[in-house]
Amino acid sequence: MNSVMNMKSSKKTRTVCITIGVIVCALLIASGVGLGYWLGSKQSVPEEAPTTGHAANPAHEYLVGSAAWQMSAEAHALMMQGFYIAEKNIDEIAEFADQGLNGYRWVESNGEKKLYLNEKRVCVVCDIDDTLVDGVHYTANILGKNGEWTNKAFTDFIQSKGCTALPGAVAFANHCKENGVALFYVTNRYDQGYKMTEEGYAGQEGYQKADGTVIGSSTFDIFGKTMYDITMESMALLGFPTNDPNASNYWEDAILIVNDTKLNGSSKEGIRDAIANGGELKTGERTHESNAYPGTVDISSHHIAMLLGDDLNDISQIFSDCENAIDRVALTIDNIELWGTKWIVFPN
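This write-up is about the structure you can find in this document. If you're wondering where the values come from, they're calculated on a predicted model, not measured in any experiment. (Residues numbered from 1 in each chain as written. Predicted model: local features only at pLDDT ≥ 70, side-chain atom pairs only at ≥ 80, totals over all residues. Heavy atoms only, no water.)

All right, on to the overall build of the chain then. What the chain contains, in helices and strands, is 13 helices and nine strands. Residues counted as buried form 43% of the 348 residues belonging to the chain. A separation threshold of at least 6 residues defines the contact pool for the chain, and within that pool the share at least 24 residues apart is 70%. Surface accessibility of the chain: about 18,200 Å² in total, with carbon and sulfur atoms responsible for 54%. (Helix = DSSP H or I, 4+ residues; strand = E, 2+ residues; numbered from the N terminus. Buried < 20%, exposed > 50% of the residue type's maximum accessible area, 1.4 Å probe, protein only. Contact = heavy atoms within 4.5 Å. Areas by Shrake-Rupley, 256 points an atom, 1.4 Å probe, with all protein chains shown as cover.)

Membership of the largest hydrophobic core comes to 48 residues, with the highest contact counts inside it found for Val124, Leu132, Phe172, Leu183, Tyr185, Phe240 and Leu308. Filtering out sequence-adjacent residues up to four positions away, Val124 remains in contact with Ile90, Phe172, Cys176, Val181, Ala182, Leu183, Phe184, Met306 and Leu308. Membership of the second largest hydrophobic core comes to 20 residues, among which are Ala182, Ile257, Ile315 and Trp343. (Core = buried A, V, L, I, M, F, W, Y, C linked by side-chain atoms within 4.5 Å.)

Locating Asn259 in the fold gives a position in the loop between β5 (254–258) and α10 (261–264). Given the relative accessible area of 0%, Asn259 is considered buried. In this structure the C-alpha to C-alpha distance between Asn259 and Thr283, which are 24 residues apart in sequence, comes to 6.7 Å. In terms of polar contacts, Asn259 uses its side chain to reach the side chain of Asn188, at 2.7 Å. (Polar contact = N/O pair within 3.5 Å; in protein donor to acceptor, adjacent residues only side chain to side chain.)

Of all five residues that make up β5, four are buried, and the element is covered over most of its length. In terms of strand pairing, strand β4 (residues 182–187) meets β5 through five bridges, oriented parallel. By the bridge assignment for β5, Val186 is matched with Ile257. (Pairing = 2+ DSSP bridges.)

Although it is not a glycine, Asn102 adopts a positive phi angle of roughly 55°. Tracing the sequence through the fold places Asn102 in the loop between α4 (73–99) and β1 (104–109). Here Asn118, not a glycine, exhibits a phi torsion of approximately 55°, which is positive.

Enumeration according to the criterion identifies ten salt bridges in this entry. Residue Asp253 pairs with Arg121 through a salt bridge whose shortest N-O separation is 3.2 Å. Within this pair, whereas Asp253 is found in the loop between α9 (227–237) and β5, its partner Arg121 is found in strand β3 (residues 120–126), the two being separated by 132 residues in sequence. In this structure Asp253 comes out as buried when scored by relative accessible area, which is 10%. Measuring nitrogen to oxygen at the nearest pair gives 3.6 Å for the salt bridge that ties Arg328 to Asp311. Taken as a pair, Arg328 in helix α13 (residues 325–334) and Asp311 in the loop between β8 (302–309) and α12 (317–320) lie far apart in primary sequence, 17 residues in all. A relative accessible area of 27% places Arg328 in the partly exposed class. Connected through salt bridges with shared partners, the residues Lys114, Arg121, Glu252 and Asp253 form a single ionic network. (Salt bridge = Lys/Arg side-chain N within 4 Å of Asp/Glu carboxyl O.)

Here we come to helix α11 (residues 269–277). For α11, every residue scored as buried is listed here: Ile271, Arg272, Ala274 and Ile275. Projection of α11 onto a plane perpendicular to its axis shows the buried side chains occupying an angular sector of 160°, all on one side. Looking one or two places after α11, you find Gly278, whose phi comes out positive at around 85°. (Arc of directions from axis to C-beta.)

Turning next to helix α6 (residues 151–158). Turn by turn, an α-helix covers 3.6 residues, leaving residues three or four places apart pointing in a common direction. For α6, every residue scored as buried is listed here: Asn151, Phe154, Thr155, Phe157 and Ile158. Relative to the axis of α6, the buried residues are bounded by an arc of 155° and lie together on one face.

Structural data, given as structure tokens:
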């Protein structure tokens, strides 16, 4: 018992130290301080200040940011650190189950040991892009070629060799599998274009912006596959466990959920609630065109041990509801005890 308590104490100390470092780095980056130093450049102040303002070049800023992210040893260290901490959290829960502590226990099912907290299956909820899979390669490629942000371009990227897993991601997913912890991959990837004949969308002309223009085109209409099928194939190819029976790393408890943003908006809160409390989740309107995507998913209630994401909107709705950046930072600091224990965030 003492060893477990010591482990928890050292873990909490480690988490606080890591959290403070991450918050300081995030604030420096957000304010623009230190980026030039990390890139090895120095900005000189002109002798005469310009008399007229100059609009920022978003494409240039994104390109510089993408290059810095890809070449940053610190960013890669933070990724591996995040997965290392997450794995240690799983190990701690498994040790509790071994000792029958804190309500954790093992349940045998189909010849496998599965981890439970009381009557709820233990699970981890993960974002995909820039959490498990490197999406910055797509950003850099599009900007470097002066290309356009389209659903077709992104889908081409997902199916290319440039789409790779982030360091430590596959190992972490398999660590969950080995320890009987269910996995939910929750992504905002979506088909984007919509058929006019679908129920509930009569009179609309596809996925529209506020000004009425259509964003992109339908993944299915171009590729003959839904985003669900394309994502499932990609995740399996990268080595992640999936519940696709044809995948080499098949596991029934690794579940992909593509958030239909037209139904739910960009918030994942409804999905997180369904995972935590159980219930029937409507997954999307084009599921009849998919090889495997169910129209609804019946989810039993789970204990969400951790949430992993590169955006705080992947973690909790409280950050989505913030009215300004200052309040968002304050909330981040107020929840210091959750960083590294229940909430794992990656460089964005």
